[in-house]
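# Secondary and tertiary structure notes
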Amino acid sequence: MVAPPRMLAEEVIGEILFRLPPDHPACHFRASAVCKSWRAFLADPAMLRLYRELHAAPPVLGFLQNTGRADNPFARIIPTAAPSPPLRPPDFQCWLSLVLDCRHGRVLLHTINPLGLLVWNPVTGSHHVLPDQPGHPEPPFSHFTGAVLCAKDGCGHLDCSGGPFRVVFAATVDQDVDAVFTWASLYSSETGAWTEPATVHPGALMNSSDVMGPSLLAGDALYFTLDLLNNRTVLRYDLGGGALSVMDPPPLVRRDTFLVTGDHGGLGVAAVEGYSLHIWSWKAAGAGGWAPPRVIDLEMSIPFTIGDPVTELKVIGFAEMTGIIFVSANGEISGVDLRSGRVSKFSNKTPESNTIFPFEIFYTLGMQGT
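On a predicted model such as this, the values are computed, not experimentally measured, just so you know. (Residues numbered from 1 in each chain as written. Predicted model: local features only at pLDDT ≥ 70, side-chain atom pairs only at ≥ 80, totals over all residues. Heavy atoms only, no water.)

## Quick word on the overall build of the protein chain
In terms of regular secondary structure, the protein chain is built from 4 helices and 24 strands. Contacts in the protein chain between residues at least 24 apart in sequence constitute 52% of all its contacts with a sequence separation of at least 6. By element, 53% of the accessible surface of the protein chain is carried by carbon and sulfur atoms, the whole surface being about 17500 Å². (Helix = DSSP H or I, 4+ residues; strand = E, 2+ residues; numbered from the N terminus. Contact = heavy atoms within 4.5 Å. Areas by Shrake-Rupley, 256 points an atom, 1.4 Å probe, with all protein chains shown as cover.)

## Topic: unusual backbone geometry
Note that the residue after Asn-113, namely Pro-114, is joined by a cis bond; omega there is 10°. Structurally, the position occupied by Pro-114 is in the loop between β4 (106–112) and β5 (116–120). Not every positive phi belongs to a glycine, and His-264 is a case in point at roughly 60°. Residue position: His-264 is located in the loop between β16 (258–261) and β17 (267–273). His-264 gets classed as exposed once you look at its relative accessible area, which sits at 86%. (Buried < 20%, exposed > 50% of the residue type's maximum accessible area, 1.4 Å probe, protein only.)

## Things to note about the sheet that holds strand β18 (residues 276–281)
The antiparallel open sheet is built from 4 strands, whose spatial order is β16-β17-β18-β19. Every interior strand has two partners, whereas the edge strands, β16 and β19 (294–297), have only one. The average angle at which neighbouring strand axes cross in this sheet is 30°, direction not considered. Here β17 runs beside β18; their pairing, made up of 6 bridges, is antiparallel. Within β18, the position partnered with Glu-273 by the bridge is Ser-276. (Pairing = 2+ DSSP bridges. Axes fitted to C-alpha atoms, helices over the stretch in contact; angles between N-to-C directions.)

## Here we look at the state of the cysteines
Scanning the model with the defined rule gives 0 disulfides in all. Note on Cys-150: no disulfide assigned, nearest cysteine sulfur contributed by Cys-160 at a separation of 3.8 Å. Looking at Cys-155, it has no disulfide partner, and the nearest cysteine sulfur is the one in Cys-160, 3.9 Å off. (Disulfide = S-S within 2.5 Å.)

## Considering the pattern of salt bridges
A complete count under the given rule lists 5 salt bridges for this structure. As a salt-bridge pair, Asp-159 and Arg-52 come within 3.5 Å of each other at their nearest N and O atoms. Remark: Arg-52 occurs in helix α4 (residues 45–55) and Asp-159 occurs in the loop between β7 (143–150) and β8 (165–173); sequence separation between them is 107 residues. Members of the salt-bridge network, linked through shared partners, are Asp-101, Arg-103 and Glu-320. (Salt bridge = Lys/Arg side-chain N within 4 Å of Asp/Glu carboxyl O.)

## Overview of the nonpolar core
Formed by 29 residues in total, the largest nonpolar core has its most connected members in Leu-277, Leu-298 and Ile-325. Elements that contribute at least two residues to this core include exactly β12 (212–218), β13 (221–227), β16, β17, β18, β20 (313–319) and β21 (324–329). Per-element tally for this core: the top contributor is β17, with 4 residues. The contacts of Leu-277, once residues within four sequence positions are left out, are Ala-270, Ala-271, Val-272, Arg-294, Val-295, Ile-296, Leu-298, Val-315, Ile-325 and Val-336. Ranked by size, the runner-up nonpolar core spans 21 residues in total, among them Val-180, Val-200, Leu-217 and Tyr-237. (Core = buried A, V, L, I, M, F, W, Y, C linked by side-chain atoms within 4.5 Å.)

## As for the sheet that holds β4
Strand pairing in a sheet relies on backbone hydrogen bonds. The paired strands run either parallel or antiparallel. Pairing in this open sheet of 4 strands is antiparallel, and the strands run β3-β4-β5-β6 from one edge to the other. Both outer strands of the open sheet, β3 (96–103) and β6 (127–129), are each paired with one neighbouring strand and no more. With direction set aside, neighbouring strand axes in the sheet form an average angle of 25°.

## With respect to the environment of Pro-114
A relative accessible area of 38% places Pro-114 in the partly exposed class. Along the chain, Pro-114 and Cys-94 lie 20 residues apart, while their C-alpha atoms are 6.0 Å from each other. Beyond its immediate sequence surroundings of up to four residues, Pro-114 is in contact with Phe-92, Gln-93 and Cys-94.

## Quick notes on α4
Every buried residue of α4 is accounted for by Met-47, Leu-48, Tyr-51 and Arg-52. Take α4 and look down its axis: the buried residues cluster within an arc of 140°, on one side only. N-cap assignment for α4: the residue whose side-chain oxygen lies 2.8 Å from the backbone N of Ala-46 is Asp-44. Just downstream of α4 lies Ala-56, where phi reads positive at about 70°. (Arc of directions from axis to C-beta. Polar contact = N/O pair within 3.5 Å; in protein donor to acceptor, adjacent residues only side chain to side chain.)

## So, the packing of aromatic side chains
By the definition in use, this model includes 9 aromatic pairs. Look at Tyr-187 and Trp-194: their rings are 5.4 Å apart centre to centre, the planes differ by 50°, and that puts the pair in the tilted class. Across this residue pair, the class does not change: Tyr-187 and Trp-194 are buried. By the ring-pair criterion, three or more aromatic residues cluster together here, those being Phe-144, Phe-169 and Trp-183. (Phe/Tyr/Trp six-rings, centres within 6.5 Å; stacked < 30°, edge-to-face > 60°.)

## Re the pairing of β20
The element β20 is extensively covered by neighbouring structure, given that 7 of its 7 residues are classed as buried. Taken together, the 6 bridges between β20 and β21 define a ladder with antiparallel strand orientation. Paired with Lys-314 across the two strands is Ser-328, which belongs to β21. Once β20 ends, the chain turns through 4 residues before running back antiparallel as β21, passing Gly-323 with a positive phi of about 70°.

## Section: helix α3 (residues 36–43)
Every α-helix winds through 3.6 residues per turn, so residues three or four apart in the chain are directed the same way. For α3, the complete set of buried residues consists of Trp-38, Phe-41 and Leu-42. All buried residues of α3 fall inside an arc of 95° around its axis, so they share one side.

## Some thoughts on the side chain of Ser-334
Positionally, Ser-334 belongs in strand β22 (residues 332–337). Exposure remark for Ser-334: the relative accessible area of 4% places this residue in the buried category. Filtering out sequence-adjacent residues up to four positions away, Ser-334 remains in contact with Ile-302, Ile-325, Phe-326, Val-327, Val-343, Ser-344, Lys-345 and Phe-346.

Rendered as structure tokens:
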């Protein structure tokens, strides 16, 4: 008589399934086909919560980028994992939209015709149209950027895309070269209202259509880049007090410096010099200022021809939760892990713009049917 198969203890099943890599969702779906008990384990909300806490940060499963096409008004989503999350466009009609930010499972869009701001959950397709900002300064702004973030107290941001959120919108007015000013205001989904705008006068702007860059969340502040006439500077918006200030520019006077997480979770900037990635961190203690850069050699890690005049290396994105800097080299995108310095190929999809917005989320069996 053949003995019945031995059943694994629940603790052993957990030891196995908790080790499934979050950046390869296919592993979860294959494991769920092993037997009913494994599928039940992988779909259990309590187990999924423990799984997320164990891995600490959601993986990058793709990135969004602006297409600039009226026939495709919402962001182009490039999946980098299989199976990719079933991303759904919002049920909202507009002529065109621009991605301003992607964070904590949400995307902030600036829509055109109708003109406004929209927060979108790409997994569920749900969206929230923000009200107009009644107190924003006149005249109309020429350049703008924004940020969206979770507003739930004590949240670890591992699965918070359905809770309360905040939006910061910043804009620069330069109709009069002698009176350039930037303002920022905060919206809360809990109050349904905008705060009074804070204003600074940063100085003359660079003559470009891409003056304000993506945001970085570090501590209790949001940071944005702003291209002035002679340098790329950094704006700081205090989430607690609502103050807006202009910081000293990074040491490297370049238009392609990108905001990243610096030492001890603070502000940092990154840029490629030659064939190396340079990362500066802001020294918050003492007199402040920028610390000497950390340098990561890319020469042996990213595929390109050294000395080729068409070779172009540049930072085009940053994933806050996972700490990955994205570098484009002749159309191919590689990821540089801030913690380890390890470089890995991310995508061979040629980006349509100089900025990508990483989509960080846990995609597991429990999300099916959402």
